[in-house]
Amino acid sequence: MHRTTPGFARSSCATCHVFLATEVFDTLAERSEDELELLVEAEGYQECGSRLSCQLDFSQELNGVTVTLAPEE
Ligand code: FES
């Protein structure tokens, strides 16, 4: 079954690609198939660390975490 994230178009840009530390990455909800499809084609993709920041649910638990911007493509 293919899961589509509401409000997330397959043609999205991936310019919000960021890297998170493993200890932060592991606490987040899993990436949707749509997010992962964009990420694997993005510059510098990291299996355990890459996220599209526009797809993250920012909660108090993320307050203060360090986010590294992915290189521009
Ligand atoms: S995919 Fe374009 S801003 Fe996140």
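Residues numbered from 1 in each chain as written. Predicted model: local features only at pLDDT ≥ 70, side-chain atom pairs only at ≥ 80, totals over all residues.

1. Details of the overall build of the protein chain
Next, step 1: A count of helices and strands for the protein chain gives 2 helices and 3 strands.
Next, step 2: Along the protein chain, helices (α) and strands (β) appear in the sequence β-α-α-β-β when read from the amino end. (Helix = DSSP H or I, 4+ residues; strand = E, 2+ residues; numbered from the N terminus.)

2. Looking at the environment of Gln46
Next, step 1: Mapped onto the elements of the fold, Gln46 is located in the loop between helix 2 (33-40) and strand 2 (50-52).
Next, step 2: Residues Gln46 and Phe19, 27 residues apart in the sequence, show an inter-C-alpha distance of 7.6 Å.

3. Thoughts on the environment of Tyr45
Next, step 1: Examined against the element boundaries, Tyr45 turns out to sit in the loop between helix 2 and strand 2.
Next, step 2: You can call Tyr45 partly exposed: it has 16 C-beta atoms within 10 Å.
Next, step 3: Sequence separation of Tyr45 and His17 is 28 residues, and the distance between their C-alpha atoms is 8.7 Å.
Next, step 4: Among residues more than four places away in sequence, those in contact with Tyr45 are Leu39, Val40 and Ser50. (Buried ≥ 20, exposed ≤ 12 C-beta atoms within 10 Å, placed from the backbone. Contact = placed C-beta atoms within 7 Å.)

4. Focus: the pairing of strand 1 (residues 17-20)
Next, step 1: Where strand 1 meets strand 2, 3 bridges bridge the pair, whose relative direction is antiparallel. Opposite Val18, over in strand 2, you have Arg51 as the bridge partner.
Next, step 2: Here 3 bridges tie strand 1 to strand 3 (residues 67-69), and the two strands are oriented antiparallel to one another. Note that in strand 3 the partner of Phe19 across the bridge is Thr68. (Pairing = 2+ DSSP bridges.)

5. Digging into helix 2
Next, step 1: Every buried residue belonging to helix 2 is among Glu35, Leu38 and Leu39, and all of these are buried. Burial along helix 2 is one-sided: seen end-on, the buried residues are contained in an arc of 100°.
Next, step 2: Against the buried residues of helix 2 lie strand 1 and strand 2. (Arc of directions from axis to C-beta.)

6. With respect to unusual backbone geometry
Next, step 1: One non-glycine residue, Ala14, lies in positive phi territory at about 70°.
Next, step 2: The exposure class of Ala14 is partly exposed, given the 18 C-beta atoms found within 10 Å.

7. Let's talk about the sheet that holds strand 1
Next, step 1: Overall, antiparallel pairing links the 3 strands, which are arranged 2-1-3 in an open sheet. In the strand order of this sheet, the two ends are held by strand 2 and strand 3, each with one partner. Along the sheet, successive strands turn relative to each other by an average axial angle of 40°, direction set aside. (Axes fitted to C-alpha atoms, helices over the stretch in contact; angles between N-to-C directions.)

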